[in-house]
Amino acid sequence: SQKIEQNSEALNIQEGKTATLTCNYTNYSPAYLQWYRQDPGRGPVFLLLIRENEKEKRKERLKVTFDTTLKQSLFHITASQPADSATYLCALANQGGKLIFGQGTELSVKP
Amino acid sequence: DAGVIQSPRHEVTEMGQEVTLRCKPISGHNSLFWYRQTMMRGLELLIYFNNNVPIDDSGMPEDRFSAKMPNASFSTLKIQPSEPRDSAVYFCASSPGTSEYTDTQYFGPGTRLTVL
């Protein structure tokens with residue numbers, strides 16, 4: 001069956017370091033992948049979209065990679081700040097298919 | 001822009017009661033989605049509307065759940081009768097899109113439902 005896996009354990013890092021979150025998938029051939037941020041008590045907020053023919057996408061301090069051979073996406077936050085603390089969700093879909101979300105990884109950035 | 005608006009924000013009800021959740025999408029958006037989020041199952045798509053028409057309701061758990069979109073600015077998700085296992089946070093999201101899922105989805109603040 002189709003499966004999306006994100007780090008189940010919370011990621012704790014020091015302010016200023018680079019946070020790297022992973023999203024692995026199996027039995028899936030996604031046309032694109034999205035990353036969302038979710039704060040407690042709030043709905044997810046879209047961050048980045050990367051398509052299957054793109055290797056890397058950047059937006060300010062955020063970088064996403066997409067390796068369809070490894071069936072993996074990496075999400076990087078450089079120069080992390082305490083305000084980056086949140087849960088980050090990856091979501092995949094086939095072309096014209098519905099979005100399937102991972103369970104999310106909780107990131108905590110300590111000052 | 002006010003974003004996606006959901007009401008109520010919190011709902012506590014007893015098993016067997018009818019529950020109605022409401023959503024107002026962002027003006028001009030053509031697609032509307034209802035999701036359910038729990039610790040065990042994460043974020044699950046329940047139903048998707050495009051231009052007020054239900055396109056995919058394969059995620060609706062059972063006949064106790066129903067959703068309507070009578071016009072472009074309003075949608076409801078109804079649970080009748082409610083059960084304790086329906087306790088979750090229910091999100092509504094909208095996107096500008098046509099028939100594709102590739103558009104960015106804008107989520108509302110959610111309704112936290114507790115069924116006793």
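Residues numbered from 1 in each chain as written. Chains lettered and ligands numbered in written order. Predicted model: local features only at pLDDT ≥ 70, side-chain atom pairs only at ≥ 80, totals over all residues. Heavy atoms only, no water.

Engineer: Explain the packing of aromatic side chains here, please?
Structural biologist: For any two aromatic rings, the description comes down to two numbers: the centre-to-centre distance and the angle of the planes. All names here are of chain A. Inspection of the entire model under this criterion finds 12 aromatic pairs over all chains. Ring geometry for W35 and F75: centres 4.9 Å apart, planes at 20 degrees, overall stacked. With a gap of 40 residues between them, W35 in strand β4 (residues 32-38) and F75 in strand β8 (residues 72-77) connect regions that are remote in the sequence. Residue classification places F75 among the buried positions, given a relative accessible area of 0%. (Phe/Tyr/Trp six-rings, centres within 6.5 Å; stacked < 30°, edge-to-face > 60°. Helix = DSSP H or I, 4+ residues; strand = E, 2+ residues; numbered from the N terminus. Buried < 20%, exposed > 50% of the residue type's maximum accessible area, 1.4 Å probe, protein only.)

Engineer: How should the side chain of S82 of chain B be read in this particular structure?
Structural biologist: All names here are of chain B. Turning to its location among the elements, S82 is positioned in the loop between β8 (74-79) and β9 (88-95). Of note is the side chain of S82, whose polar atom sits 2.7 Å from the backbone oxygen of Q17. Once residues lying within four places of it in the same chain are set aside, the contact partners of S82 are T13, E14, M15, G16, Q17, V19, R64 and V115. (Polar contact = N/O pair within 3.5 Å; in protein donor to acceptor, adjacent residues only side chain to side chain. Contact = heavy atoms within 4.5 Å.)

Engineer: Would you mind showing me how to read the nonpolar core here?
Structural biologist: What tends to happen in soluble globular proteins is that the nonpolar side chains get buried as a cluster. Of all hydrophobic cores here, the largest spans 23 residues; its most connected members are L33, W35, F75, Y88 and L92 of chain A. Where this core is concerned, the elements lending two or more residues are β3 (19-26), β4, β5 (45-51), β7 (62-67), β8, β9 (86-93) and β11 (105-110) of chain A. With near-sequence residues (within four places) excluded, Y88 of chain A lies in contact with Q6, L21, W35, Y36, R37, L47, F75, I77, G104, T105 and L107 of chain A. Ranked by size, the runner-up nonpolar core spans 21 residues in total, among them V19, I47, L77 and C92 of chain B. (Core = buried A, V, L, I, M, F, W, Y, C linked by side-chain atoms within 4.5 Å.)

Engineer: Sorry if this is basic, but what is going on with the layout of surface pockets here?
Structural biologist: If a probe as big as a water molecule is rolled over the atoms, it shows which places are left empty. The volume enclosed by the largest pocket comes to roughly 640 Å³. Broken down by secondary-structure element, the contributors of at least two residues to the lining of the largest pocket are β1 (3-6) of chain A together with β4 (31-38), β9 and β11 (111-115) of chain B. Element by element, the count of residues in the lining of the largest pocket is highest for β1 of chain A, at 3 residues. Its volume calculated, the second largest pocket comes out at about 190 Å³. In this structure, the second largest pocket is lined by Q2, K3, I4, Y28, I100 and F101 of chain A. Counting residues per element, the ones that place at least two in the lining of the second largest pocket are β1 and β10 (100-101) of chain A. Residue composition of the lining of the second largest pocket, grouped by class: 4 nonpolar, 1 polar and 1 charged. (1 Å grid on protein atoms, 1.4 Å probe; cavity = no way out; pocket = protein on both sides within 12 Å on 5 of 7 lines; lining within 4 Å. Points joined across faces, edges and corners; volume = space filled by probe spheres on them. Nonpolar A, V, L, I, M, F, W, Y, C, P; charged D, E, K, R; others polar.)

Engineer: Explain the interface of chain A and chain B here, please?
Structural biologist: A common way to report how large an interface is uses the accessible area buried once the components associate. Taken together, the contacts link 19 residues of chain A with 21 residues of chain B. Summed over both partners, the interface of chain A with chain B comes to about 1,500 Å²; 51% of that surface belongs to carbon and sulfur atoms. Looking only at chain A, the three residues that lose the most surface to chain B are K98, F101 and Q103 of chain A, adding up to 31% of its buried area. Viewed at the interface, chain B and chain A are joined by 0 salt bridges. Those elements that place two or more of their residues in the side of chain A that touches chain B are β4 and β5 of chain A. (Buried area = accessible area lost by both parts, 1.4 Å probe. Salt bridge = Lys/Arg side-chain N within 4 Å of Asp/Glu carboxyl O.)

Engineer: So what exactly am I meant to see when it comes to the sheet that holds strand β7 (residues 65-71) of chain B here?
Structural biologist: Residues and elements named next belong to chain B. Here 4 strands make up an open sheet; going across it, the order is β1-β3-β8-β7 and the pairing antiparallel. Either end of the sheet is taken by a strand with one partner, and the two such strands are β1 (5-7) and β7. On average, each strand axis in the sheet is tilted by 15 degrees relative to the strand beside it, whichever way the strands run. Looking at chain direction, β1 and strand β3 (residues 19-24) are connected through 3 bridges and run antiparallel. Bridged to Q6 within β3 is C23. (Pairing = 2+ DSSP bridges. Axes fitted to C-alpha atoms, helices over the stretch in contact; angles between N-to-C directions.)

Engineer: Help me understand unusual backbone geometry in this model?
Structural biologist: For residues besides glycine, phi is generally negative; the peptide bonds are generally trans as well. Residue S7 of chain B is joined to P8 of chain B through a cis peptide bond whose omega torsion reads -10 degrees. The omega torsion of the bond from Q80 of chain B to P81 of chain B falls at -5 degrees, within 30 degrees of zero and hence cis. Within the fold, P81 of chain B resides in the loop between β8 and β9. A positive phi is found at N27 of chain A, a non-glycine position, where the angle reads about 50 degrees. Along the chain, N27 of chain A falls in the loop between β3 and β4. Even without a glycine there, the phi angle at N51 of chain B is positive, about 50 degrees. Assignment of secondary structure puts N51 of chain B in the loop between β5 (42-50) and β6 (53-56).

Don't take any of this as a statement about function, it's just geometry.
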